[in-house]
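Below, each chain spelled out in residue letters.
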Amino acid sequence: MRDTRESRLLLVLLIAVAFALITVDIRGGANSPVDGARQAAAAVFGPVENGVAAAVDPVGNAIGAVRDSGKRHDRISALQAENEALKQRLGSDARNRSRLNQLDSMLKTAGEGQYGIKAAQVVAIGAAQGFSWTVTIDAGSNDGIKRDMTVLNGEGLVGRVTTVGPSTATVLLANDPDFTVGTRMEKSDELGFATGHGDRPLSVQLLNGKAKVNPGDRLVTFGSQADKPFVPGVPVGEVVKVDPSGGDLTRTIYVRPYVGFTKLDIVGVVVQAPRTDPRDQVLPAKPKPTPTPTVTVTATPPQNPNGQGNTDIANQNANADPNANGNPDPNARPNQPGNANPPAGNANPPNGNANANPPNPNGDPNANANADGEQ
């Protein structure tokens with residue numbers, strides 16, 4: 001359409017008419033005079049609009065999906081971050097429960113032995129200057145830790161402090177080959193020296209070559225002079241093997257330590273020794289033996305062939321009198337079937353005098369006792 005004076009006047013006229021219709025429609029409300037025209041237009045143009053929308057919607061959805069893809073990606077990333085945080089929190093709760101159990105067990109051990117301890121956590125394994133079995137704990141001189149202090153946990157002896165810094169300390173573990181501790185056998189009090197062998201059992205050299213030792217016997221620390229580096233009574237381990245003495249002055253046994261040196265976490269450094277030797281009080285209680293079930297077998301007597309449950313064999317009389325020597329009389333007559341007690345004789349009524357006949361010399365159990373009724 002060319003831009004002329006007439007076209008401009010037509011455009012202005014159409015705009016004026018549109019504003020007039022809008023004003024009339026708004027003022028009319030529900031009774032608008034153009035409502036009929038609106039319904040007619042909806043009836044004519046409605047199907048056309050639906051068709052156009054059906055053709056255009058897939059394209060619009062695709063454009064919207066592309067536009068919203070960034071938001072969806074951000075939402076997925078946020079959900080993944082929430083899941084990771086939840087997993088870490090759950091794992092942290094399980095670890096906290098494990099640490100709490102370790103701390104409770106260690107406090108129980110310290111209470112039974114009357115040890116004053118400083119709790120610490122293992123923060124590193126191994127030493128930078130070598131390949132020894134050591135760990136680093138997060139407690140040092142600022143916490144009252146000194147060299148040659150005993151280290152334990154809820155299971156038993158862990159090791160001793162070798163190097164101390166302001167906030168950390170190095171602990172030589174009891175399974176290190178350079179580690180040696182004096183030991184005492186439970187009950188027998190046999191003394192020895194335990195040496196570490198890495199991941200193998202400790203070897204203990206008993207001073208008494210004739211000492212009686214059995215697998216399952218338990219050992220504790222003997223203690224050092226002035227309680228350094230070891231306090232007495234700390235559980236060490238359980239005997240798993242005994243070498244024959246062979247007449248030697250000493251005897252070697254092998255002990256499985258109570259402590260798992262590859263899974264250390266919470267430990268305690270003994271900063272105050274007990275006033276008295278706890279001896280065997282800190283050792284864990286031995287498990288009670290499982291009772292062996294007893295089976296009682298009861299013999300069932302044979303049943304009578306007639307089904308009456310009579311236990312007499314061949315209906316023999318169980319009341320046959322033995323002879324003077326305690327043996328059954330071979331002349332004794334068996335009772336009749338079904339009679340438990342045969343008649344002992346005839347009793348004549350009564351005048352109060354009863355004369356008993358002497359027993360039958362043949363051992364007859366059916367001897368008669370006659371009562372004389374005459375004077």
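So, here's what we can say about the structure. Small disclaimer: the values here were computed from a predicted structure and weren't measured. (Residues numbered from 1 in each chain as written. Predicted model: local features only at pLDDT ≥ 70, side-chain atom pairs only at ≥ 80, totals over all residues. Heavy atoms only, no water.)

1. Overview of the sheet that holds strand β5 (residues 169–173)
Next, step 1: Pairing in this closed barrel of 6 strands is antiparallel, and the strands run β1-β2-β5-β4-β3-β12 around the ring. If you compare each strand with its neighbour and ignore which way they point, the axes differ by 45 degrees on average.
Next, step 2: Where strand β3 (residues 150–152) and strand β12 (residues 266–272) come together, 2 bridges link them in antiparallel fashion. The partner of V151 across the bridge, within β12, is V269. (Pairing = 2+ DSSP bridges. Helix = DSSP H or I, 4+ residues; strand = E, 2+ residues; numbered from the N terminus. Axes fitted to C-alpha atoms, helices over the stretch in contact; angles between N-to-C directions.)

2. Points about the pairing of strand β11 (residues 251–257)
Next, step 1: Across the two faces of β11 the burial differs, with R251, I253, V255 and P257 buried and T252, Y254 and R256 not buried at all.
Next, step 2: Relative to β11, strand β8 (residues 200–206) runs antiparallel, the two being bridged by 5 bridges. Bridging from a neighbouring strand, S203 pairs with Y254 of β11.
Next, step 3: Strand direction decides the pairing type here: strand β10 (residues 235–242) and β11, joined by 5 bridges, are antiparallel. Bridge pairing in β11 links V242 to I253. (Buried < 20%, exposed > 50% of the residue type's maximum accessible area, 1.4 Å probe, protein only.)

3. Describing the nonpolar core
Next, step 1: Core analysis: the biggest nonpolar cluster contains 45 residues, and Y115, I137, L157, V161, L219 and I253 have the highest contact counts within it.
Next, step 2: Setting aside chain neighbours within four positions, we find I137 in contact with A120, Q121, V122, V123, S167, T168, A169, V171, V267 and V269. (Core = buried A, V, L, I, M, F, W, Y, C linked by side-chain atoms within 4.5 Å. Contact = heavy atoms within 4.5 Å.)

4. Some details on unusual backbone geometry
Next, step 1: Cis geometry marks the peptide bond from K228 to P229, where omega comes out at 10 degrees.
Next, step 2: When you line up the elements, P229 lands in the loop between β9 (218–221) and β10.
Next, step 3: Unusually for a residue other than glycine, D189 sits at a positive phi of about 65 degrees.
Next, step 4: Within the element layout of this structure, D189 appears in the loop between β6 (180–185) and β7 (191–197).
Next, step 5: Taking the relative accessible area as the measure of exposure, D189 reaches 32% and is therefore partly exposed.
Next, step 6: Look at D227: it is not a glycine, yet its phi comes out positive at around 60 degrees.
Next, step 7: Residue placement: D227 occurs in the loop between β9 and β10.
Next, step 8: Residue class for D227 comes out partly exposed when judged on its relative accessible area of 28%.

5. Some words on the sheet that holds β6
Next, step 1: Read around the closed barrel, 6 strands run β6-β7-β8-β11-β10-β9, paired in antiparallel fashion. Strand-to-strand, the axes of this sheet are offset by a mean angle of 45 degrees, without reference to chain direction.

6. Comments concerning the pattern of salt bridges
Next, step 1: Per the counting criterion, the structure on display carries 7 salt bridges.
Next, step 2: The closest approach of N and O atoms between R184 and D189, which form a salt bridge, is 2.9 Å.
Next, step 3: With a closest N to O distance of 3.0 Å, D189 and R279 form a salt bridge. Of this pair, D189 sits in the loop between β6 and β7 while R279 sits in the segment after β12, and the two are 90 residues apart along the sequence.
Next, step 4: Under the relative-accessibility criterion, R279 is labelled partly exposed at 37%.
Next, step 5: A single network of salt bridges, built from pairs that share partners, joins R184, D189, R279 and D280. (Salt bridge = Lys/Arg side-chain N within 4 Å of Asp/Glu carboxyl O.)

7. Here's the deal with the pairing of β7
Next, step 1: Side-chain alternation along β7 places G192, A194 and G196 on a buried face and L191, F193, T195 and H197 on a face that remains uncovered.
Next, step 2: Strand direction decides the pairing type here: β6 and β7, joined by 5 bridges, are antiparallel. Among the inter-strand pairings, T183 is bridged to a residue of β7, identified as G192.
Next, step 3: What sits between β6 and β7 in their antiparallel hairpin is a turn of 5 residues, with K187 showing a positive phi close to 70 degrees.

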